[in-house]
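Descriptive analysis of the structure
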Amino acid sequence: MLAFCSNDYLGLASHPMLVRAATEGARQFGIGSGGSPLVSGHSEANGNLQRQLAEFVQLPRTLYFYAGYAANIGIVPALVGAGDALFSDSLNHACLIDGARLSRAKIHRYPHGDLQALEAALASGDAKRKLIISDAVFSMDGDIADVPALLQLCERFDALLLLDDAHGFGVLGEQGRGTLSHFGLSGLRASPRVLYMATLGKAAGVCGAFVAGSDPLIEWLLQTTRSYIFATAAPPLLACALSASIGLIEVGNELRSHLQQRIEQLRTGLAEILPGTGWSLGESSTAIQPLVVGSNEAALSVMDGLTRRGIWVPAIRPPTVPEGTARLRIAMSAAHTEADVDNLINALGEVAHHLTPEIGVFP
Ligand SMILES: *Cc1c(COP(=O)(O)O)cnc(C)c1O
């Protein structure tokens, strides 16, 4: 099958240098970390990775988690609790939502990208601590949050911002440093109000996650995040693989420009097919290209048509996405060739041609 559904945006997940680094890491450190990080699981390899990540994203300090889900469900309750207020974009990833629920702070859910609604919610409350949580690149739509505006609101209303850059890290910004860099908000221009979280199982091709920010905030998280403290640390061999991966991301401008060309090729190709189908391609410049089909049944039949043509794009349906917006979440990768993308465009053209109005694909 030709897959357009992996988050391996740079094609690093099976890179020989990562395999070698993991193998050497296993020889040096064994397989398991043997304990939680504050007891005995925090190896030299994990510590090196944390410093390397901090330097790479140009923020003072980082904390390395074994998974992104664990990071978010732990970080949010470590920052706010009962009596505090949380402001959450309606399309945030499930683990931010679960972290918000666990925190017991009052949750204000604002419509996707609606900064006026967010501003009104921030102005209305009298909570002692305020935290805005947002995906940086939205995982099912591929659009990028207006981070500069979110940070301005944080300044005005004395709030913190937790940004989840699972889909921007490695892909966006100067040398793949991520969405803060994309907006020129890292390094000297980094706000002390931002906590930048990114996962390492997507563009970085391994697994795990990290959160980066000011020294006091990261120290606070290290001391209080339950999903960090009460869980076995990630195996050092993964940190070794990740160190190699960050090195490749840093020198990966060619991979990123190849990826960008494939994204443009797909969008240009689909623009010719879409008229008359009732499908719509979301406004996205990132590797996530959502082809919104509408009903669940229609999305499944498009997926089925592609499967029969050797192409793998799962249909994403509610509750993962809002009712009536079932879609093919096309995920592009630097590992795709021009011919691969042509294959997908041609297959979608054939499928669109063969679908009948009865299953509700056409308006
Ligand atoms: C994948 C993802 C996560 C979860 O990360 P894992 O490392 O897979 O647990 C968190 N947030 C977003 C936006 C994601 O896409």
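Up top is the structure.
Here's a quick rundown of the structure. Keep in mind the model is a prediction, meaning the values are calculated, not measured. Each residue is numbered by its place in its chain's sequence as written, counting from 1. Local features in a predicted model are, by the rule used here, given only for residues with pLDDT of at least 70; side-chain atom pairs are given and counted only at 80 or more, and totals for whole chains, interfaces and linings are based on all residues. To get the side-chain values, take all heavy atoms of the structure and skip hydrogens and water.

1. Description of the side chain of R193
Which entries qualify depends on this criterion: Under the scheme used here, helices are H or I runs from DSSP no shorter than 4 residues and strands are E runs no shorter than 2 residues, and both carry numbers assigned from the N terminus. Here a polar contact is recorded for every N or O atom pair within 3.5 Å, except that within protein the pair must consist of a potential hydrogen donor and a potential acceptor, and residues adjacent in sequence are included only if both atoms are side-chain atoms. Only heavy atoms enter the contact rule, under which two residues are in contact if any of them lie within 4.5 Å.
Looking at the element boundaries, R193 is found in the loop between helix 8 (179-182) and strand 7 (194-199). A distance of 3.1 Å separates the side chain of R193 from the side chain of D158, its partner in a polar contact. Ignoring any residue separated from it by four or fewer positions in sequence, one finds R193 in contact with C154, E155, D158, A159, L160 and L161.

2. Examining the nonpolar core
To be explicit about the condition: Note on terminology: a nonpolar core comprises buried Ala, Val, Leu, Ile, Met, Phe, Trp, Tyr and Cys residues joined through side-chain atoms within 4.5 Å. Summary of the burial criterion: residues with accessible area below 20% of their type's maximum are buried, those above 50% are exposed, and those between are partly exposed, where the area comes from a 1.4 Å probe applied to protein chains only. Residue ranges for the domains trace back to a domain assignment, done automatically or taken from a database.
With 93 residues, the main nonpolar core has F169, W279, I330 and L348 as its most contacted residues. Here this core spans two domains, and each of domain 1 (16-250) and domain 2 (253-354) adds at least three residues to it. Discounting chain neighbours no more than four positions away, the residues touching L348 are L270, I273, W279, L291, V302, L306, L328 and I330. Counting 25 residues, the second-largest nonpolar core is a separate cluster that includes A71, V80, L96 and M197.

3. Let's talk about the packing of helix 13 (residues 296-308) against helix 14 (residues 338-354)
Geometrically, a packed helix pair is captured by the angle between its two axes and the distance between the axes. What counts, and what does not: For helices, the fitted line uses only the C-alpha atoms of the stretch in contact; every axis is such a line through C-alpha atoms, and the angle between N-to-C directions lies from 0 to 180 degrees. The labels follow the angle: roughly parallel below 35 degrees, roughly antiparallel above 145, roughly perpendicular from 65 to 115, and oblique for the rest. In a left-handed crossing the near helix is turned counterclockwise from the far helix by less than a right angle, and in a right-handed crossing that turn is clockwise. In this classification, the charged set is Asp, Glu, Lys and Arg, the nonpolar set is Ala, Val, Leu, Ile, Met, Phe, Trp, Tyr, Cys and Pro, and all remaining amino acids, among them Gly, are polar.
Where helix 13 meets helix 14, the closest approach of the two axes is 9 Å, and the angle between their N-to-C directions is 125°. Considering the angle they form, helix 13 stands oblique to helix 14. When you trace helix 13 past helix 14, the crossing you get is right-handed. Contacts between helix 13 and helix 14 involve V302, G305 and L306 from the former and L344, A347, L348 and V351 from the latter. Residues of the contact of helix 13 with helix 14, tallied by class, amount to six nonpolar, one polar and no charged.

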